[in-house]
Every structure is written in C-alpha cells, then in structure tokens.
Amino acid sequence: MKRRIENIIGENIRNLRMQKDMKQNALADELNISRQTISAYERGITLPDIYSLIRIADYFRISLDELTGRDEI
C-alpha cells in the first residue's frame, strides 16, 4: 500500500506542476526545497513529510485529501 500512495502523491504533484506549466526547479524554489527532492516525490522514491505535504497543498490551493488521492472516504 505504501508504494501505491507514493505513486498517487507523486503523480498528483507532477500533474499539478504541469498544469501550471512549471519546471521542477520553479516548484522547488517556491517550496524552498531542492529540485532533486521534487523529482524524488514525483517518481515515488520518497514521500513528502506532513509539513511538506501541507506546503504543497497550500501552494496549489488544494486540500490534503486531494493531494493524497483521498477523494473517497
């Protein structure tokens, strides 16, 4: 299940970034993290911690549920 969640979160981050026509560098600068970290999130190599998830959701003006793929509870 962990792998599935990583893929959903990473795919959502990538899709949101692409919708804004942003490069990984630009998003990384906005979030004050490295481009490599964004890449790792998007590829499902690592999961963002809760504080990073909140910053990402806030930046894109979406809920944590949307970011993490929890649209059905």
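For the structure, check the block above.
Values in this document were obtained by computation on a predicted structure and should not be read as measured data. (Residues numbered from 1 in each chain as written. Predicted model: local features only at pLDDT ≥ 70, side-chain atom pairs only at ≥ 80, totals over all residues. Heavy atoms only, no water.)

(A) Seen up close, the environment of Y59. Its location among the elements puts Y59 in helix α4 (residues 50-60). The exposure class of Y59 is partly exposed, given its relative accessible area of 24%. Linking Y59 and E30, residues 29 residues apart in sequence, is a C-alpha distance of 8.2 Å. (Helix = DSSP H or I, 4+ residues; strand = E, 2+ residues; numbered from the N terminus. Buried < 20%, exposed > 50% of the residue type's maximum accessible area, 1.4 Å probe, protein only.)

(B) Representation of α4 within the structure. Looking only at α4, the buried set comprises S52, L53, I56, A57 and F60. The buried residues of α4 all sit within an arc of 135 degrees when viewed along its axis, so they share a single face. Within α4, the exposed residues directed more than 90 degrees away from the buried face are Y51 and D58. Among the residues trailing α4, R61 stands out with phi positive, at a value near 55 degrees. (Arc of directions from axis to C-beta.)

(C) Region of interest: a nonpolar patch on the surface. Judged by side-chain polarity, I50, Y51, I54 and L64 come together as a nonpolar surface patch covering roughly 380 Å² of accessible area. The greatest single-element share of the nonpolar patch, amounting to 3 residues, is contributed by α4. Structurally, I50 is set in helix α4. The partly exposed category is assigned to I50, whose relative accessible area is 44%. (Patch = residues over 30% accessible without salt bridge, like charges linked within 9 Å, V, L, I, M, F, W, Y side chains within 5 Å. Areas by Shrake-Rupley, 256 points an atom, 1.4 Å probe, with all protein chains shown as cover. Salt bridge = Lys/Arg side-chain N within 4 Å of Asp/Glu carboxyl O.)

(D) Inspection of unusual backbone geometry at higher detail. Phi is positive for D21, close to 55 degrees, though the residue is something other than glycine. Mapped onto the elements, D21 comes out in the loop between α1 (2-19) and α2 (24-31). The class for D21 is exposed, based on a relative accessible area of 73%. With phi around 60 degrees, N32 is a residue other than glycine that occupies positive phi space. With respect to the secondary-structure elements, N32 resides in the loop between α2 and α3 (35-43). Assessed through its relative accessible area of 70%, N32 is described here as exposed.

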